[in-house]
Amino acid sequence: MRQNRQKERLKVEQMLQRDNGQDIKLARAVAKFSDYCDEIESIFKESSTKSSGESRLQSAIIYIQNGETASALRRLIPLDVRKQAGMFFTSTEIAEKVAKRLSPLLKTGVDIFDPACGAGNLLVACCQYLPCGKSFYDTARIWSELMKGCDLFPEFIRAARLRLVITAANRHAKENINLGKINTESLFLGLKIGNAFSLGVAPSKCVVINPPFGYMTAPEDCRWGNGKIQIAGWFMERLLQMASEGQHLVAVLPDVLKSGTRYKRWRDMICSLVSKISIEPAGRFDADTDIDVFIIHLIASGGKKCSTKWPDILPTNKGLTTKVSDYFEIHVGSVVPHRDPIEGESYPYIHARTAVPWQTLERISERRRSIRKVFSPPFVVVHRTSSPSDKHRCVGSIVNESQEVAVENHLIVLLPKDGSLESCRRLLDSLMCPATDKWLNRRIRCRHLTVSALHDLPFYE
Ligand SMILES: C[S@@+](CC[C@H](N)C(=O)[O-])C[C@H]1O[C@@H](n2cnc3c(N)ncnc32)[C@H](O)[C@@H]1O
């Protein structure tokens, strides 16, 4: 068995180099995850020497919970490797939300595919809705036929298969199954090592996915972005291109795809490939990963051109008809401090550290030479960095200097259309309102405010 695993590892290293241009160091670092698989297998073996199958099963169940698998990942694979490969396993809470979305279909016994299954967190969550047989072996056989998945790394596939076996055994806990006697190598063979896009897995009725988050260079034929793009966005496009008509796809995605201005064309692309979209904000990914995510449920059109509407999930502004952009022009500060040359005229200069929250700044002592656009006071600046956990999402200051001011690009500038200080004061009051935080938390959960979010922000009087 060990020799087989070494052969598999060599194949994976060759595949990673060939298909992904990834380095072998990455594959070797991930190989450490096999320690976790060995630990699960040792529970199986111990189980053959102990009399109470049920109590062994209970310790196995605890050991394979999503939290345990995620903590094994953190323990065995260094953070820089996990970040490089976008390896973050879904929490139980989010995995259950994904599974629940598909529950009516899963109960009817449709097949399900996770193209980047990792250690199987999403598939394990889906098991609770799958039909069962009369015995453990019946159930394991039924689920083996329904479950498909793939991942680049053999250690993850091995862990996913073992976890599914234990989950099936737990459905028949009363059978007092001897885990040690189960031939785990013959079950869940629909989970395969490989690249989701070259494996040629037959399309399933349901697809679940938590794709890698991170950035990649946009391929030349990418029509919705250029430069660095979200890998998760690219994964979704590829999956929808492969999808058959009526296929359900439920994905966990980073909030920036939902709210980022630069992903508007990505959203349009999704709308053109699906007949239905629903979205559910899912909060922070997990306690260790400071990124907000949402769950998207799509029904693929199978290549038919669609003009589905991206859902509007913003709170309705009852009785409110005005927006910040009705009264203010909105710009991003223009000075990029570490890149811009120190040349041109000298101006008072304001940046994130000197923009004291909620204050009116009348005499700015710091100056900087700049050839960039400068702004005429009075105006409001708000910090671009902003998190849903902050007391205020939109922290503002008024700039009321007598000269034009150079502004760093970590600040957003709001210029009153009527040029008055009074409008700036009214805006600060509006930004301080709890309703502003509530609205922004629905609209944008990533850690940067965007011009478009401020453009649409209601003006609370
Ligand atoms: C964010 S993790 C999600 C794992 C699992 N589905 C979950 O929810 O816990 C993404 C997984 O995608 C895998 N992956 C990345 N690129 C892949 C590709 N091209 N084909 C298959 N798997 C891939 C990574 O190895 C990683 O396990």
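This text follows the structure it describes.
Thresholds, definitions, all that
- Residues numbered from 1 in each chain as written.
- Predicted model: local features only at pLDDT ≥ 70, side-chain atom pairs only at ≥ 80, totals over all residues.
- Helix = DSSP H or I, 4+ residues; strand = E, 2+ residues; numbered from the N terminus.
- Buried ≥ 20, exposed ≤ 12 C-beta atoms within 10 Å, placed from the backbone.
- Contact = placed C-beta atoms within 7 Å.
- Core = buried A, V, L, I, M, F, W, Y, C linked by C-beta atoms within 7 Å.
- Near = placed C-beta within 6 Å.
- Nonpolar A, V, L, I, M, F, W, Y, C, P; charged D, E, K, R; others polar.
- Pairing = 2+ DSSP bridges.
- Axes fitted to C-alpha atoms, helices over the stretch in contact; angles between N-to-C directions.
- Expected span 1.5 Å × (residues − 1).
- Arc of directions from axis to C-beta.
- Parallel < 35°, antiparallel > 145°, perpendicular 65-115°, else oblique.
- Left-handed = near helix turned anticlockwise from the far one by under 90°.

So, about the overall build of the protein. When helices and strands are counted, the protein shows 17 helices and 17 strands. Dimensions of the protein along its principal axes, counting C-alpha atoms only, are 85 × 45 × 45 Å. The 461 residues of the protein split such that 41% are buried. Expressed as a percentage of contacts within the protein between residues at least 6 apart in sequence, the contacts between residues at least 24 apart total 78%.

Bringing the nonpolar core into the picture now. Across soluble globular proteins, nonpolar side chains have a tendency to be buried as a group. Residues Val98, Cys126, Leu164, Val165, Val381 and Val382 are the most contacted members of the largest nonpolar core, which totals 128 residues. With ten residues, helix H10 (residues 154-171) is the single largest residue contributor to this core. Among all residues touching Val382, those that are not within four sequence positions of it are Cys394, Val395, Gly396, Leu411, Ile412, Leu414, Leu431 and Leu449.

Below, the discussion takes up the site of the ligand. Lining the immediate surroundings of the ligand are 23 residues, of which Phe89, Thr90, Ala116, Gly118 and Asn121 lie closest. Of the residues contributing to the shell around the ligand, the split by class is 15 nonpolar, six polar and two charged.

Bringing the pairing of strand E4 (residues 206-209) into the picture now. Regular strands place side chains that alternate from one sheet face to the opposite one. Relative to E4, strand E1 (residues 112-114) runs parallel, the two sharing two bridges. Considered in E4, the bridge of Phe113 is made with Val207. The sheet contact formed by E4 and strand E7 (residues 248-254) spans four bridges and is parallel. Within the sheet, the bridge partner assigned to Val208 lies in E7 and is Val250.

Take the environment of Asn400 next. With respect to the secondary-structure elements, Asn400 resides in the loop between strand E15 (396-399) and strand E16 (406-407). Judged by the 16 C-beta atoms lying within 10 Å of it, Asn400 is partly exposed. Measuring from C-alpha to C-alpha, the distance between Asn400 and Trp234 comes to 45 Å, with 166 residues separating the pair along the chain. Among residues more than four places away in sequence, those in contact with Asn400 are Thr360, Leu361, Glu362, Pro377, Pro378 and Leu421.

Here we take up the sheet that holds strand E2 (residues 147-151). Reading across from one edge, E3-E2-E1-E4-E7-E9-E8 is the order of the seven strands in this open sheet, with mixed pairing throughout. Edge positions in the sheet fall to strand E3 (191-193) and strand E8 (274-286), since each of these pairs with one other strand and no more. The sheet shows a mean angle of 15 degrees between the axes of neighbouring strands, direction not considered. Looking at chain direction, E7 and strand E9 (residues 289-300) are connected through seven bridges and run antiparallel. Within E9, the position partnered with Val252 by the bridge is Ile295.

At 3.6 residues per turn, the α-helix brings residues three or four places apart onto the same side. The end-to-end C-alpha separation of helix H11 (residues 231-242) is 17 Å, in line with the 16 Å expected for twelve residues at 1.5 Å each. Among the residues making up H11, those that are buried are Ala232, Gly233, Phe235, Met236, Leu239 and Leu240. Summarising the axial view, the buried residues of H11 lie within an arc of 160 degrees, below the 170-degree limit, and thus occupy one face.

Reading across from one edge, E13-E11-E16 is the order of the three strands in this open sheet, with mixed pairing throughout. Strands with a single pairing partner mark the edges of an open sheet, and in this sheet they are strand E13 (367-370) and E16. As judged from the two bridges shared by strand E11 (residues 345-350) and E16, these two strands associate in the parallel manner. Among the inter-strand pairings, Tyr349 is bridged to a residue of E16, identified as Ala406.

Take the packing of helix H9 (residues 136-146) against H10 next. It is at 9 Å that the axes of H9 and H10 come closest, and there the two elements cross at 135 degrees. Considering their axes alone, H9 and H10 lie oblique with respect to each other. Here H9 and H10 pass one another in a crossing that is right-handed. Contacts between H9 and H10 involve Phe136, Thr139, Ala140 and Trp143 from the first element and Leu164, Val165, Ala168, Ala169 and Arg171 from the second. When the residues that make up the contact of H9 with H10 are grouped by side-chain class, the tally is seven nonpolar, one polar and one charged.

The next thing to look at is the pairing of strand E17 (residues 411-416). Burial within E17 is extensive, with five of its six residues counted as buried. Looking at chain direction, strand E10 (residues 328-332) and E17 are connected through five bridges and run antiparallel. Each residue of the ladder has a partner; that of His331, found in E17, is Val413. Here strand E14 (residues 379-383) pairs with E17 via four bridges, running antiparallel. Pairing of His383 across the sheet is with Leu411, part of E17.

A few words on unusual backbone geometry. Generally, phi is negative for residues other than glycine and the peptide bonds are trans, each holding for most cases. Going from Pro377 to Pro378, the amide bond is cis rather than trans, its omega being 0 degrees. Mapped onto the secondary structure, Pro378 falls in the loop between E13 and E14. In this structure, Phe188 takes a positive phi of about 55 degrees despite not being glycine. By the element assignment, Phe188 lies in the loop between H10 and E3. With 25 C-beta atoms packed within 10 Å, Phe188 lands in the buried category. Residue Trp358 is not a glycine yet carries a positive backbone phi of 65 degrees. Its place among the elements puts Trp358 in the loop between E11 and strand E12 (360-361).

When you line up the elements, Thr436 lands in helix H16 (residues 434-443). By the C-beta count within 10 Å, which is 21 here, Thr436 ends up buried. For the pair Thr436 and Ser387, spaced 49 residues apart in sequence, the C-alpha separation works out to 13 Å. Not counting residues within four places of it along the chain, the set of residues in contact with Thr436 comprises Arg393, Cys394, Ser430, Leu431, Leu457 and Tyr460.

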